Amino acid sequence: MNSAAQVPGNGQHHGQHHGHHQEHAGHGAHTGHTGQGGPGAHGGHDAHAGHGDVAPGGLHASHGGHTLDLKTPRLPAGERVALRFGVVVDATGGRLTSYEQQHGKELHLIVASRDLTVYRHLHPVREADGIWSASLEVPKAGEYRIFADFKPDGGEALTLGADLVAEGAAEPAELPPAGAVAEVDGYEVRLDGKLSPGQAGELTLTVGRDGTPVTDLEPYLGAYGHLVALRSGDLAYLHVHPSGEPGDGRTLPGPEISFLATAPSAGAYRLFLDFQHEGTVRTAAFTVQAG
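As the structure is a prediction and not an experimental result, all values here were calculated from the model.

## Focus on the overall build of the chain
Tallying secondary structure elements over the chain gives zero helices and 22 strands in all. The buried share among the 291 residues of the chain stands at 55%. Long-range pairs, those at least 24 residues apart, make up 65% of the contacts in the chain between residues at least 6 apart in sequence. Total accessible area computed for the chain in this model is approximately 10,800 Å², and 48% of it derives from carbon and sulfur atoms.

See below:
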């Protein structure tokens with residue numbers, strides 16, 4: 001059975017994924033475009049529902065005329081530090097300072113361990129000089145990947161990635177086993193549907209608590225649920241979104257949250273679902289096999 005984590009809806013996320021600490025500050029998105037082609041495609045929100053272009057994001061530090069410049073490539077495990085980075089405009093060598101907000105934020109940051117047992121979802125703060133910073137603590141030594149999801153003002157939406165090392169003796173864990181149910185804080189989330197390579201398919205996540213369907217999920221950054229998929233191995237990044245949104249006249253506030261998603265290849269993926277109920281954001285994690 002897959003584990004999950006919780007966090008107050010207006011704060012950072014602290015919890016467990018298979019015994020590991022997690023942070024989260026949420027990231028909202030809706031069904032939309034696929035913006036970024038080629039190796040880095042996430043389109044700010046990659047592999048959007050309803051589209052067949054599923055090139056994954058986060059595999060490269062440079063794409064679309066921009067480069068992710070990680071100022072803090074190493075950090076101590078188990079200590080809270082400021083993770084600092086900037087986005088460089090390749091044509092000028094200067095830092096990007098003009099962003100288009102997406103779902104209430106200029107930039108969304110994901111941090112994941114290479115073994116996919118640690119997951120963070122943060123909203124960093126930008127200084128006037130274009131340097132971003134986020135408070136981050138990771139629970140164990142080892143290799144991590146960060147993903148910066150943003151849209152330059154007037155440009156295409158991008159997801160750029162970079163490697164991060166937590167110092168110490170690393171002991172990578174096995175990928176958590178595949179399963180269709182995750183439990184968190186008395187909530188049970190069930191996953192139905194298949195992630196298929198090269199073919200859009202519906203994923204439905206059903207939220208319940210104490211055996212009762214949850215029918216009053218709360219809008220969280222413009223949606224009832226947000227789903228990130230990371231491919232095991234290279235951590236190719238897919239961000240898929242609900243097929244509806246609050247206030248559209250057809251999308252109910254639970255218990256079901258439906259997504260359209262296409263895997264770029266066969267293999268194992270780790271899915272992280274964020275949902276908000278009674279003022280708290282929780283994350284449920286699943287391992288699935290595509291193909």
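## Here's the deal with the side chain of Ser-113
Mapped onto the fold, Ser-113 is located in strand E8 (residues 107-113). At 3.2 Å, the side chain of Ser-113 forms a polar contact with the backbone nitrogen of Thr-117. When sequence neighbours within four positions are dropped, the list of residues in contact with Ser-113 reads Val-118, Glu-143, Tyr-144 and Leu-235.

## Re the layout of surface pockets
In this structure, the largest pocket spans a volume of roughly 180 Å³. Every residue along the wall of the largest pocket is listed here: Tyr-224, Pro-242, Ser-243, Gly-244, Arg-250, Thr-251, Leu-252, Gly-254, Glu-256, Ile-257 and Ser-258. Class assignment for the residues of the lining of the largest pocket results in four nonpolar, five polar and two charged.

## A closer look at the pairing of strand E21 (residues 267-277)
Across the 11 residues that make up E21, a large majority, 10, are buried. Relative to E21, strand E18 (residues 226-231) runs antiparallel, the two sharing six bridges. Paired with Val-228 across the bridge in E21 is Phe-272. The sheet contact formed by E21 and strand E22 (residues 280-290) spans 11 bridges and is antiparallel. Residue pairing for E22: Arg-270 is matched across the bridge by Thr-287. Remark: two residues form the turn of the hairpin made by E21 and E22, two consecutive strands paired antiparallel; Glu-278 in that turn has positive phi of roughly 55°.

## Structural notes on the confidence of the model for the chain
Looking at the chain as a whole, its pLDDT mean stands at 83, while 80% of the residues score no less than 70. Note on residues 1-53: pLDDT is under 50 here. Beyond four places in sequence and across chains, it has 244 contacts.

## Focus: the sheet that holds strand E4 (residues 62-63)
For sheets, the rule is that strands pair by backbone hydrogen bonds, running either parallel or antiparallel. Taken in spatial order, the five strands make up an open sheet running E4-E5-E7-E11-E10, and their pairing is antiparallel. Each having just a single partner strand, E4 and strand E10 (125-126) make up the two edges of the open sheet. Relative to strand E5 (residues 66-70), E4 runs antiparallel, the two being bridged by two bridges. Considered in E5, the bridge of His-63 is made with His-66.

What counts and what doesn't
Residues numbered from 1 in each chain as written. Predicted model: local features only at pLDDT ≥ 70, side-chain atom pairs only at ≥ 80, totals over all residues. Heavy atoms only, no water. Helix = DSSP H or I, 4+ residues; strand = E, 2+ residues; numbered from the N terminus. Buried < 20%, exposed > 50% of the residue type's maximum accessible area, 1.4 Å probe, protein only. Contact = heavy atoms within 4.5 Å. Areas by Shrake-Rupley, 256 points an atom, 1.4 Å probe, with all protein chains shown as cover. Polar contact = N/O pair within 3.5 Å; in protein donor to acceptor, adjacent residues only side chain to side chain. 1 Å grid on protein atoms, 1.4 Å probe; cavity = no way out; pocket = protein on both sides within 12 Å on 5 of 7 lines; lining within 4 Å. Points joined across faces, edges and corners; volume = space filled by probe spheres on them. Nonpolar A, V, L, I, M, F, W, Y, C, P; charged D, E, K, R; others polar. Pairing = 2+ DSSP bridges. pLDDT = per-residue confidence, 0-100.

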